[in-house]
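A closer look at the structure
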Amino acid sequence: MKLGEGVEAAIHCAAMLAGVEGEATLSGAAMAEAFGLSPSYLLKHLNMLSAARILESVSGPAGGYRLARSAERITLLDIVLAVEGREPAFRCGEIRQRGPAKLDASAYVKPCGINAAMLKAERAYRTALAEAKLSDIVSDFMSDADPRSVAASCAFVARHQRPQKSSSTKQA
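Residues numbered from 1 in each chain as written. Predicted model: local features only at pLDDT ≥ 70, side-chain atom pairs only at ≥ 80, totals over all residues. Heavy atoms only, no water.

1. Describing the packing of helix 4 (residues 76-84) against helix 5 (residues 113-131)
We apply this condition: In this analysis an axis means a line fitted to C-alpha atoms, helices contributing only their contacting stretch, and an angle means the value between N-to-C directions, from 0 to 180 degrees. Helical segments are the DSSP runs of H or I of at least four residues, strand segments are the runs of E of at least two, and each set is numbered from the N terminus. Here the angle decides the label: under 35 degrees means roughly parallel, over 145 means roughly antiparallel, 65 to 115 means roughly perpendicular, and every other value means oblique. When checking whether two residues touch, look at their non-hydrogen atoms; a contact exists if any pair is within 4.5 Å.
Put simply, helix 4 and helix 5 touch, their axes get as near as 6 Å, and they point 120 degrees apart. Considering the angle they form, helix 4 stands oblique to helix 5. Across from Leu76, Leu77, Val80 and Leu81 in helix 4, the residues of helix 5 making contact are Tyr125, Arg126, Leu129 and Ala130.

Below, the structure is given as structure tokens:
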């Protein structure tokens, strides 16, 4: 299966937001800078994550994004579905029923075996993504990544996070 590169950006941003302190936020522009992405491209994906209630958008001068729920309650499947949509990757067009060799509809009573196999693979793929928690991804990074990469990521978040002074207005 091929996923759009927006999925990678969305997962990296969610992982980065797992490192902000308390109610602090990170701006979309800061995250775009961190990953070398166009801010307008990234904002489209951040808005998808906000619409799916994975992220929370906070308005105002200290506004930005933060996780809408704990990283333990966000799975990679949540993020993939927010960005790619809920439709299966494979959509059977029943092409076996077209062309010069097609038969009467009664010959196609059983489901298409190719469709069944592809949907079975999709279920396995989604099950694996549903088992992968954002908190585990972050924990693995913190323990397994090169210490320089961990230090650089933590320093970036510390430099760019925007503390919230009071109860802020939330936008979806």
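2. Observations regarding the nonpolar core
What counts here: Definition used in this section: a nonpolar core is a set of buried Ala, Val, Leu, Ile, Met, Phe, Trp, Tyr and Cys residues joined via side-chain atoms within 4.5 Å. Partly exposed residues are those whose accessible area sits between 20% and 50% of the maximum for their type, while under 20% is buried and over 50% is exposed, using a 1.4 Å probe and protein chains only.
Ranked by internal contacts, the top residues of the largest apolar core, which has 34 residues, are Leu17, Met31, Leu49, Leu55, Leu67 and Ile79. Elements represented by at least two residues in this core include exactly helix 1 (5-17), helix 2 (28-35), helix 3 (39-51), strand 2 (64-67), helix 4 and helix 7 (147-160). Here this core gets eight residues from one element, more than from any other, and that element is helix 1. For Leu49, the contacting residues outside a window of four places in its chain are Ala10, Ile54, Leu55, Ile79, Ala82 and Val83.

3. Here we look at helix 1
Short version of the rule: Helix span is expected to be 1.5 Å times the residue number reduced by one.
In this model, helix 1 (13 residues) spans 19 Å end to end at C-alpha, consistent with the 18 Å of a helix rising 1.5 Å per residue. Taken together, the buried positions of helix 1 are occupied by Gly6, Val7, Ala9, Ala10, Ile11, Cys13, Ala14, Met16 and Leu17.

4. Let's talk about the packing of helix 1 against helix 4
Heads up, the condition is: For any pair of crossing helices, the crossing counts as left-handed if the nearer helix is rotated counterclockwise from the farther one by less than a right angle, and right-handed if it is rotated clockwise. Polar here means any residue outside two lists: the nonpolar Ala, Val, Leu, Ile, Met, Phe, Trp, Tyr, Cys and Pro, and the charged Asp, Glu, Lys and Arg; Gly therefore counts as polar.
Closest axis-to-axis distance for the helix 1/helix 4 pair is 9 Å, and the angle between their directions is 135 degrees. By the angle between their directions, the pair helix 1 and helix 4 is classed as oblique. For the element pair helix 1 and helix 4, the recorded crossing hand is right-handed. Residue-level inspection shows Gly6, Val7, Ala10, Ile11 and Ala14 of helix 1 in contact with helix 4, the latter providing Leu76, Ile79, Val80, Val83 and Glu84. Residue classes in the contact of helix 1 with helix 4 are distributed as eight nonpolar, one polar and one charged.

5. Focus on a negative patch on the surface
The condition is simple: The patches reported here contain residues having more than 30% relative accessible area and no salt bridge. Joining distances are 9 Å for like charges and 5 Å for nonpolar side chains (Val, Leu, Ile, Met, Phe, Trp, Tyr). All accessibility values rest on the Shrake-Rupley procedure with a 1.4 Å probe; residue burial counts only the protein chains present in the view. Counted as salt bridges are all cases of a side-chain nitrogen of Lys or Arg within 4 Å of a carboxyl oxygen of Asp or Glu. Residues scored as positive are Lys and Arg, those scored as negative are Asp and Glu, and His as well as the terminal groups of each chain are ignored. For charged residues, the charge sits on one atom: NZ in Lys, CZ in Arg, CG in Asp, CD in Glu.
A surface patch of negative charge is lined by Glu72, Asp136, Asp140 and Asp144. Take Asp144: it is sitting in helix 6 (residues 134-144). Classification of Asp144 as exposed rests on a relative accessible area of 61%.

6. Observations regarding the environment of Leu37
Here Leu37 is to be found in the loop between helix 2 and helix 3. Note: C-alpha distance between Leu37 and Ala9 (28 residues apart in sequence) is 8.5 Å. Every residue in contact with Leu37, bar those within four places of it in the chain, is listed here: Ala9, Ala32 and Leu42.

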